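Close look at the chain arrangement
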Amino acid sequence: MAWHDLTDEETKRGRQIMADLDAVGNTTKAITKGIAIASAVIAAVSLFASYVTDTGLQSISISNTDVFIGLLLGEPCLGFSVHSQSELSRGRPT
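Residues numbered from 1 in each chain as written. Predicted model: local features only at pLDDT ≥ 70, side-chain atom pairs only at ≥ 80, totals over all residues. Heavy atoms only, no water.

With that out of the way, let us pick up the overall build of the protein. For the protein, the count of helices and strands is two helices and zero strands. Computed over C-alpha atoms, the radius of gyration of the protein comes to 24 Å, more than 25% over the 12 Å expected from 2.2 N^0.38 for 94 residues, which places it beyond the range of a compact globule. Split into buried and exposed, the 94 residues of the protein put 3% on the buried side. Element-wise, carbon and sulfur atoms account for 66% of the exposed surface of the protein, whose accessible area totals about 8200 Å². (Helix = DSSP H or I, 4+ residues; strand = E, 2+ residues; numbered from the N terminus. Rg over C-alpha atoms; globule rule 2.2 N^0.38 Å. Buried < 20%, exposed > 50% of the residue type's maximum accessible area, 1.4 Å probe, protein only. Areas by Shrake-Rupley, 256 points an atom, 1.4 Å probe, with all protein chains shown as cover.)

In structure tokens:
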């Protein structure tokens, strides 16, 4: 919309309404992003705790080179695998 040249009262009121709605949308997005991140952390910790419980694992040494490289390479491989399976389930791989 070409509102930059208009200075009448109705245009000013419309600009203010749009600015207020934009602020509400930004605040809502920021809040829901925090909730989404927190729920992802809870899910990851729960899955890891379940794995540790089921395997009887006592400790993980992240300073061990093999473990560190496995963590770095394993996460992207798992992410790509889950993504590809979800794309295939739609029937339209991208």
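With respect to the helices and strands, Arg-13 occurs in helix H1 (residues 9–55). Residue class for Arg-13 comes out exposed when judged on its relative accessible area of 57%. Sequence spacing of Arg-13 and Glu-87 is 74 residues, and the spatial spacing of their C-alpha atoms is 45 Å.

Together, Ile-62, Phe-68, Ile-69, Leu-71, Leu-72 and Leu-73 line one region of the surface with nonpolar side chains, adding up to about 590 Å² of accessible area. Of note, Leu-71 is situated in helix H2 (residues 65–90). (Patch = residues over 30% accessible without salt bridge, like charges linked within 9 Å, V, L, I, M, F, W, Y side chains within 5 Å. Salt bridge = Lys/Arg side-chain N within 4 Å of Asp/Glu carboxyl O.)

Our focus in this paragraph is H2. Taking 1.5 Å per residue as the helical rise, H2 with its 26 residues ought to reach 38 Å, and the 38 Å between its terminal C-alpha atoms agrees with that figure. Backbone geometry just downstream of H2 places Gly-91 in the positive-phi region, at approximately 90°. (Expected span 1.5 Å × (residues − 1).)

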